[in-house]
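Here are the chains, one letter per residue:
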Amino acid sequence: MTAAMPIDAAAPMRTLFQNPTSATPKVSLILLDWNCRESFHALDYLAAQDVPRTDYEIIWIEYYDRRVAEIDRRLDAAAKAGKPPPLDLWIVLGMGADLYYHKHLMYNVGIARARGEIVVICDSDAMFEPSFIRTVRASFAADPGIVLHIDQVRNIRRDFYPFNYPSFAEMRGDGAANWLGDRTTGVADSIDPLHTRNYGACMCAWRADLIAVGGADESLDYVGHVCGPYELTFRLANFGRRETWHDSHFIYHAWHPGTDGDFNYIGPNDGRNMSSTALAVKRSRRIMPLKENEAIRLERTGAEPDAARRLEHLIDPAYAGSLTQAAVARSPNFSLFKRDHGPPKLVGEAGECDLMAVGTAIYAVPRYLAVDNLFAAPSLLDPRIRRFASVNDAIAAVTAEERFARDLFGAAAAMEVVEWDGRWVAMPRAHPPIDPSDPGWLTRPEVLWAETKEGLAARAATRQGDAAPPANPPAGEDVEVTVRLDRIAAELKELRRRVDRVNEIAERSQHQVGLVHQRLVHLEVQMAGIANNRIARFLRGLGLFRLLRALGLWGKAG
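Rules of the game
- Numbers given for residues are sequential positions, taken from 1 along each chain in its written order.
- The model is predicted, so local features are restricted to residues of pLDDT at least 70 and side-chain atom pairs to those at 80 or more, both for listing and for counting; the totals for chains, interfaces and linings are taken over all residues.
- Note: side-chain values were computed over all heavy atoms of the structure, leaving out hydrogens and water.
- Only protein chains enter the accessibility calculation, which uses a 1.4 Å probe; a residue is then buried when its area is under 20% of its type maximum, exposed when over 50%, and partly exposed in between.
- Helix numbering and strand numbering both begin at the N terminus, where a helix is a DSSP run of H or I of at least 4 residues and a strand a DSSP run of E of at least 2.
- At least two DSSP bridges between two strands are required for those strands to pair.
- Two N or O atoms count as a polar contact when they lie within 3.5 Å, although within protein this holds only if one can serve as hydrogen donor and the other as acceptor, and sequence-adjacent residues are included solely when both atoms are side-chain atoms.
- What makes two residues a contact is simply this: any of their non-hydrogen atoms within 4.5 Å.

### Focus: the pairing of strand S14 (residues 353–358)
Phase 1: Taken across its 6 residues, S14 has 6 buried, putting it largely inside the fold.
Phase 2: The pairing of strand S13 (residues 345–350) with S14 spans 5 bridges and is classified as antiparallel. Paired with Gly 348 across the two strands is Leu 355, which belongs to S14.
Phase 3: The hairpin formed by S13 and S14 contains 2 residues between the paired strands, and Gly 351 there has a positive phi angle of roughly 55°.
Phase 4: Pairing geometry for S14 and strand S15 (residues 361–366), over 6 bridges, is antiparallel. Note that in S15 the partner of Ala 357 across the bridge is Ile 362.

Structure (structure tokens):
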């Protein structure tokens, strides 16, 4: 494999890989990750385009300090096979784990590093047909005065997850939520296209135009889930470019957990996930961003002709304070977005936690917190309430953390250890509800934290060494017997509680089975009623009911 460029330990942003090819690409694709991608299939589809690989470059940008082993594996495999690398530029911004993601900053990093005439900002876990790059180039060749969007076919079938490479025909078939047979519902919509088209899926523009309008707007209004390249589209339209949607070429997206931004902080919006700050651009006719990236400004104005020096200004140092999770949670401009999943459902337990299902997410809720409303602040933000993708993940993590807490403090200490925002934190279980938007909670004397497990263990050992030694327990056989009896009583109490929890879960499951049975009976009644109408007489003439009876799928055979 071609050696990656050396990492500068002094700078948070670093280049992990750069394709040394001297060819200048026609198109630059910008793909983003913020420690969220679990499948990298987009690289497979982009490797199978029907134009020369040198015609386009792929720029992969990770927001946090994460090096993905799967990308390393793909780079190694391509090098050994003598094939072009799956990407041309791999950049890690190295932003702190406590900082909220800002896609518009990543857009600008990609725009600044792009070498192609046309820049494509698109979904990094989409499927692309082999003609994708050719279609983009042909669109701009036919009409240079455009900013181009390509809509996305979204399929909600759960059996495509984990991603298993369905065909494009399958993606347009059962489960296609927005497909009309030859186009998406958004492209066909002339009434409310702002909300039926996927404005964040794929936007293409001349790089020179993007620089001329100041790049992506890094206003804090665009931090988190409500954002997208469409704010560039609206300002490019004010600049004189025409917003165009391709009417016959589409990209594709298969369902995976977290596709709807559930439980993400969202900035100012119109209630339907479109940024109201971006929509205001259409009314104001504004061209320049509210907050321009300094590196983009230096290129736009020509104030710094040296490209390497411009790149030193890509990340605003002020983000270390303004993008913290606590700052976002505290801001009146942001709210926590959550879909109406109904009340949380008890689905199991792990150690001292109840496992509650909300939509596709599993929350481990310590019983000692006695949470009445999981969604009420600060409950959902409390670091001791953790979110997982599955029950198994929750059980594994909670078990490991509780074991770690016992190893550090002993079973009698009643301490909780959690991994939160890139830190390991220990606190008493008796600690009142925590609102992490309070910047002082980590400095409280009863709370210990460190960047690593080893660091937390060292701090715990130091604190225990400073504490006064416990008084010697009274000796004697009676005391030992009493201690054992107390332990047995405690274990019996815990077993009774667990039996009660299992019974509760079983009762809820039985209720659900009853509802399903009622629905089946209702459907059978409806099916029986079909035989009495005119449509049934027609179907009977075709022999459909005889076939269903023979197969045992309706009525009684015979």
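### Details of helix H9 (residues 230–239)
Phase 1: Taken across its 10 residues, H9 has 8 buried, putting it largely inside the fold.
Phase 2: Three or more residues of H9 are buried, namely Tyr 230, Glu 231, Leu 232, Thr 233, Phe 234, Arg 235, Leu 236 and Asn 238.
Phase 3: Backbone geometry just after H9 places Gly 240 at a positive phi near 120°.

### As for the side chain of Arg 37
Phase 1: For Arg 37, the position within the fold is in the loop between strand S2 (27–33) and helix H1 (42–47).
Phase 2: Judged by relative accessible area, Arg 37 falls into the buried class, the value being 10%.
Phase 3: Of the polar contacts made by the side chain of Arg 37, one reaches the side chain of Asp 123; its length is 3.4 Å.
Phase 4: Leave out the neighbours within four places in its chain, and Arg 37 touches Leu 32, Trp 60, Arg 66, Asp 123, Ser 124, Asp 125 and His 256.

### Observations regarding helix H3 (residues 103–113)
Residues that lie three or four places apart on an α-helix share one face, since the helix turns once every 3.6 residues.
Phase 1: In terms of burial, H3 is largely enclosed, as 11 of its 11 residues are buried.
Phase 2: Among the residues making up H3, those that are buried are Lys 103, His 104, Leu 105, Met 106, Tyr 107, Asn 108, Val 109, Gly 110, Ile 111, Ala 112 and Arg 113.

### Here's the deal with the pairing of strand S18 (residues 423–428)
Phase 1: Buried residues dominate S18, accounting for 5 of its 6 residues.
Phase 2: Of the strand pairs in this sheet, strand S17 (residues 415–420) and S18 are connected by 6 bridges, and their pairing is antiparallel. From the neighbouring strand, Trp 420 faces S18, where its bridge partner is Arg 423.

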